[in-house]
Amino acid sequence: MRTKGVGNTEGTGRTGRKALWGALGALVVYGAIHGCTVGPTADTQGGNSPIRITVPTTTAPATTATPSTTTDPTPTTTSTPTPADAKGSPARVLWSAGDSGTAVRELQARLRQVAWLAGEPTGSYDGETADAVRGFQAKRGLPRTGATDSVTWGRLVAMTHEPTKWELYAYGGQPAAAPDPRCLTGRVLCISKTSRTLRWMVDGRTLSVMDVRFGSQYTPTREGVFHVYWKSRDHYSTLYDAPMPYAMFFSGGQAVHFSYDFAANGYTGGSHGCVNVRDETKIVALFDQVRVGDKVVVYW
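Predicted model, so just to flag it, every value in this text is computed and none were measured.

Draft legend 1. Representation of helix H3 (residues 127-139). Compared with an ideal rise of 1.5 Å per residue, which puts 13 residues at 18 Å, H3 spans 18 Å between its outermost C-alpha atoms and is within 8% of the ideal. The set of residues buried in H3 consists of Thr 129, Ala 130, Ala 132, Val 133, Gly 135, Phe 136 and Gln 137. Of the surrounding elements, those touching the buried residues of H3 are helix H2 (102-113), strand S2 (148-149) and helix H4 (150-159).

Right, dumping it as structure tokens:
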């Protein structure tokens, strides 16, 4: 840390030495408070507990005293990365367009908290995410790059709370729940209401996973063990006047099928009891593999 001089102590006698030791003591205390910090740690608990994602930070060397003009003047309890190193290098870019993963999903969830992102977290750093970051940066006088650097991330973290599991995965994409024991033998459509996912399994091996949604409280999707009794590739519901392509019926009128509404609107809606799939490519492949008589397990 480059510090300003503590004054000329020559010829000051005992009073000067006291002043010198007092100044040095203050510097030691300052260094203890603003030195190395502990970054966020991973939280593997389920439910709506906050999920922490470890993010690389840049710690300022202990030889810098003058804060950068881009540092947020508001003190926070969150460790905010410095905007530049001792040589004046720019802040390090953490994520940018084209990146993907759980860290990008957290970034999107935090941007939603401050109303800079309208869409749901997807884990993909797309154009909408870049625009949201650019707007957030402009509002705070940061370079409008659209890429999330250490300074932008620190400012966003200071203004938001750690996203809950629901905030991260309201649009889907969360990891599939562990398969129910009844799914471990034979050919099974293993459907978890907790993680809102469908596993296509053969003899205990998962071949594909896809997001699903279920019926509302008034038309709930039944739980239990069933079997596919009818397949209808271009099915149309006359009861609800709606298409049900790639339908695989397993209990009365309830079926696993592709949903245009789910694909367009996510979990804002629901089915009339069917298991909706929103990835058309995946359900096309699934429809071709599933046979009449294959097991269907729906569980929490």
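Structure's up, so let's keep going.
Draft legend 2. Region of interest: the nonpolar core. Formed by 23 residues in total, the largest nonpolar core has its most connected members in Leu 189, Ile 191, Leu 198, Met 248, Val 256, Leu 286 and Val 296. Looking at this core, the elements with two or more residues in it are strand S3 (187-192), strand S4 (197-202), strand S5 (205-213), strand S8 (242-251), strand S9 (254-258), strand S10 (275-277), helix H7 (280-289) and strand S11 (295-299). Ignoring sequence-local partners within four residues, the contact set of Val 296 consists of Leu 189, Ile 191, Gly 224, Val 225, Phe 226, His 227, Val 228 and Phe 250. By size, the runner-up hydrophobic cluster in this structure holds 16 residues, among which are Leu 94, Trp 95, Ala 103 and Leu 107.

Draft legend 3. Region of the structure containing the packing of aromatic side chains. Scanning the model with the defined rule gives seven aromatic pairs in all. Centroid distance Phe 258 to Tyr 260: 4.9 Å. Interplanar angle 85°. Geometry classified as edge-to-face. Here the aromatic cluster, defined as three or more aromatic residues joined through ring pairs, consists of Tyr 229, Trp 230 and Phe 249. The side chain of Lys 193 reaches across the aromatic face of Phe 214, ending 5.8 Å from its centre. Positioned over the ring face of Tyr 267 is Arg 196, at 3.8 Å from the centre of the ring.

Draft legend 4. Representation of the packing of H2 against H4. Interhelical geometry of H2 versus H4 gives an angle of 55° and a closest axis separation of 10 Å. By the angle class used here, H2 and H4 are oblique. As H2 packs across H4, the resulting crossing turns out to be left-handed. Within the contact between the two elements, H2 uses Glu 106, Leu 107, Arg 110 and Leu 111 and H4 uses Trp 153, Leu 156 and Val 157. Partitioning the contact of H2 with H4 into residue classes produces five nonpolar, no polar and two charged.

Draft legend 5. How the structure looks around the state of the cysteines. As enumerated under the stated definition, the model contains one disulfide in all. The disulfide that involves Cys 183 links it to Cys 190, with 2.1 Å between the sulfurs. Its S-S torsion of approximately 85° makes the covalent link between Cys 183 and Cys 190 right-handed. What makes Cys 183 buried here is its relative accessible area of 0%.

Draft legend 6. Region of interest: the side chain of Asp 149. Mapped onto the fold, Asp 149 is located in strand S2. Arg 155 provides the closest opposite charge to the buried, unpaired Asp 149, separated from it by 9.3 Å. Separated by 2.7 Å, the side chain of Asp 149 and the backbone nitrogen of Thr 152 make a polar contact.

Draft legend 7. Region of the structure containing the sheet that holds S4. With mixed pairing, nine strands are arranged side by side in an open sheet as S6-S11-S3-S4-S5-S10-S9-S8-S7. At either end of the open sheet lies a strand with only one pairing partner, and these are strand S6 (224-227) and strand S7 (230-237). Strand-to-strand twist in this sheet, taken as the mean axis angle between neighbours without regard to direction, amounts to 30°. Where S5 meets S10, two bridges bridge the pair, whose relative direction is antiparallel. Along S10, the bridge assignment pairs Val 212 with Val 277. Helix-sheet contacts for H7 involve S3, S4, S5, S7, S8, S9 and S10, and the interaxial angle to S8 is about 45°.

Draft legend 8. Layout of the pattern of salt bridges. Per the counting criterion, the structure on display carries nine salt bridges. Here Arg 110 and Glu 106 are joined by a salt bridge, their closest N and O atoms 2.9 Å apart. In this pair, Arg 110 and Glu 106 both sit in helix H2, four residues apart, roughly one turn of the helix. In terms of burial, Arg 110 and Glu 106 fall into one category: buried. Measuring nitrogen to oxygen at the nearest pair gives 2.7 Å for the salt bridge that ties Asp 261 to Arg 213. Taken together, the residues span a long stretch of sequence, with Asp 261 in helix H6 (residues 260-265) and Arg 213 in strand S5 at a distance of 48 residues. A relative accessible area of 35% places Asp 261 in the partly exposed class.

What counts, and where the lines are drawn
- Residues numbered from 1 in each chain as written.
- Predicted model: local features only at pLDDT ≥ 70, side-chain atom pairs only at ≥ 80, totals over all residues.
- Heavy atoms only, no water.
- Helix = DSSP H or I, 4+ residues; strand = E, 2+ residues; numbered from the N terminus.
- Expected span 1.5 Å × (residues − 1).
- Buried < 20%, exposed > 50% of the residue type's maximum accessible area, 1.4 Å probe, protein only.
- Contact = heavy atoms within 4.5 Å.
- Core = buried A, V, L, I, M, F, W, Y, C linked by side-chain atoms within 4.5 Å.
- Phe/Tyr/Trp six-rings, centres within 6.5 Å; stacked < 30°, edge-to-face > 60°.
- Lys NZ or Arg CZ within 6 Å of the ring centre and 35° of its normal.
- Axes fitted to C-alpha atoms, helices over the stretch in contact; angles between N-to-C directions.
- Parallel < 35°, antiparallel > 145°, perpendicular 65-115°, else oblique.
- Left-handed = near helix turned anticlockwise from the far one by under 90°.
- Nonpolar A, V, L, I, M, F, W, Y, C, P; charged D, E, K, R; others polar.
- Disulfide = S-S within 2.5 Å.
- Lys, Arg positive; Asp, Glu negative; His and termini not counted.
- Salt bridge = Lys/Arg side-chain N within 4 Å of Asp/Glu carboxyl O.
- Polar contact = N/O pair within 3.5 Å; in protein donor to acceptor, adjacent residues only side chain to side chain.
- Pairing = 2+ DSSP bridges.

From the geometry alone we can't say anything about function, so treat these as descriptive.
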